[in-house]
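The chain contents come next:
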Amino acid sequence: MSDVISRADMAEKYFKEGANCSQAVLAAYADELGISVEFAMRLASGFGGGVGRMREVCGAFSGVVLIENLRNGFTDHTDKEAKDACYARIQALASAFKEQSGANSIICRELLSGSGATSGGASEPRGKEYYKKRPCVELVRLAAEIAEKQ
C-alpha cells in the first residue's frame, strides 16, 4: 500500500482541521506551486464561505482559480490573447465544477441550498452534524480533483 496522499485527501484533511474551503484546496497544491502552506492559507483566507461568508462564488472553486492563476496566469495586462486564454481556462474549470458537483452552479448559497447555511455572521462549529448536512467536504475534494486534472 502506498503512503502517497492524494491532493483531494490533503484538501479534505486541511478542511477538517479548520481551514476554509479555499484555503484547503490551495494548500493541497502549495508544494507544486512553489509556495508555503502558510502563504497559501493567507492568500486564500478571504475566499471561504463564498467570499467572506457572503455565499457568493464557492470558496473551493475559488481555490481552483487561484491554482490555475499561479500555474498559468498572465502578467502582461495588455496581452489580450493571454487574457482571453486565461478566461477560457477558468470558464472550462467552472463548467467542469458545475457538471461534476451535480448542482450546475459555482455559487455557494446554491450549492448549500437546504443546509441551513446563512450569509455573514459567525461560523458554525464543525462537528458531525455540520459535515452531515453540508456538501463542503465533497466540494473541496471535487475542486482538488479538478485542479489535479489540469
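Description of the structure in this document.

Rules used throughout
Residues numbered from 1 in each chain as written. Predicted model: local features only at pLDDT ≥ 70, side-chain atom pairs only at ≥ 80, totals over all residues. Heavy atoms only, no water. Helix = DSSP H or I, 4+ residues; strand = E, 2+ residues; numbered from the N terminus. Rg over C-alpha atoms; globule rule 2.2 N^0.38 Å. Buried < 20%, exposed > 50% of the residue type's maximum accessible area, 1.4 Å probe, protein only. Contact = heavy atoms within 4.5 Å. Areas by Shrake-Rupley, 256 points an atom, 1.4 Å probe, with all protein chains shown as cover. 1 Å grid on protein atoms, 1.4 Å probe; cavity = no way out; pocket = protein on both sides within 12 Å on 5 of 7 lines; lining within 4 Å. Points joined across faces, edges and corners; volume = space filled by probe spheres on them. Nonpolar A, V, L, I, M, F, W, Y, C, P; charged D, E, K, R; others polar. Salt bridge = Lys/Arg side-chain N within 4 Å of Asp/Glu carboxyl O. Axes fitted to C-alpha atoms, helices over the stretch in contact; angles between N-to-C directions. Parallel < 35°, antiparallel > 145°, perpendicular 65-115°, else oblique. Left-handed = near helix turned anticlockwise from the far one by under 90°. Core = buried A, V, L, I, M, F, W, Y, C linked by side-chain atoms within 4.5 Å.

What to know about the overall build of the protein chain
Okay, step 1: When its secondary structure is counted, the protein chain shows 9 helices and 0 strands.
Okay, step 2: Starting at the N terminus and walking to the C terminus, you meet the elements of the protein chain as α-α-α-α-α-α-α-α-α.
Okay, step 3: The C-alpha atoms of the protein chain give 15 Å as radius of gyration, which agrees with the globular expectation for 150 residues (15 Å, within 12%).
Okay, step 4: In terms of principal-axis extent, the alpha carbons of the protein chain reach across some 45 × 35 × 25 Å.
Okay, step 5: Counting all 150 residues of the protein chain, 41% fall into the buried class.
Okay, step 6: Relative to all contacts within the protein chain whose residues are 6 or more apart in sequence, the contacts with residues 24 or more apart total 64%.
Okay, step 7: Summed over its atoms, the accessible surface of the protein chain is roughly 8300 Å², and 52% of this surface lies on carbon and sulfur atoms.

Regarding the layout of surface pockets
Okay, step 1: As a volume, the largest pocket reaches approximately 410 Å³.
Okay, step 2: Gly 49, Arg 53, Arg 55, Tyr 130 and Arg 134 are, among the 28 residues lining the largest pocket, the residues nearest its centre.
Okay, step 3: In terms of residue class, the lining of the largest pocket is made up of 12 nonpolar, 11 polar and 5 charged.

Considerations on the pattern of salt bridges
It is possible for side chains bearing opposite charge to pair when their charged atoms get close.
Okay, step 1: In this structure the tally under the stated criterion is 11 salt bridges.
Okay, step 2: Note that Arg 7 is salt-bridged to Asp 31, the shortest N-O span being 2.5 Å. Of this pair, Arg 7 sits in helix α1 (residues 7-16) while Asp 31 sits in helix α3 (residues 30-33), and the two are 24 residues apart along the sequence.
Okay, step 3: Of the charged contacts in the structure, one is a salt bridge between Arg 71 and Glu 32, with a shortest N-O distance of 2.7 Å. Residue Arg 71 is located in helix α5 (residues 59-72), and its partner Glu 32 is located in helix α3; the two are separated by 39 residues in the primary sequence.
Okay, step 4: What emerges from the salt-bridge pattern is a single network uniting Asp 9, Glu 12, Lys 16 and Arg 141.

So, the side chain of Arg 134
Okay, step 1: Mapping Arg 134 onto the fold places it in the loop between α8 (128-133) and α9 (136-148).
Okay, step 2: In this view, Arg 134 contacts Arg 55, Leu 112, Ser 115, Ala 117 and Glu 124; residues no more than four positions away in its chain are not counted.

Notes on the packing of α5 against α9
Okay, step 1: Axis separation between α5 and α9 bottoms out at 8 Å; the angle between their running directions is 20 degrees. Of the possible angle classes, the one that applies to α5 and α9 is roughly parallel. Read as a crossing pair, α5 and α9 show a hand that is right-handed. Along the contact surface, α5 presents Ala 60, Phe 61, Val 64, Ile 67 and Arg 71, while α9 presents Leu 139, Val 140, Ala 143, Ile 146 and Ala 147.
Okay, step 2: For the contact of α5 with α9, the per-class residue count stands at 9 nonpolar, no polar and 1 charged.

Here we look at the nonpolar core
Okay, step 1: In terms of nonpolar packing, the biggest core is built from 46 residues, with Phe 15, Phe 61, Phe 97 and Val 140 touching the most fellow members.
Okay, step 2: Elements with a contribution of two residues or more to this core: α1, α2 (21-27), α3, α4 (37-44), α5, α6 (80-101), α7 (108-111) and α9.
Okay, step 3: Examining the composition of this core, we find that 9 residues originate from one element, α9, more than from any other.
Okay, step 4: In contact with Val 140, not counting residues within four places along its chain, are Ala 11, Glu 12, Phe 15, Cys 21, Ala 24, Val 25 and Ala 60.

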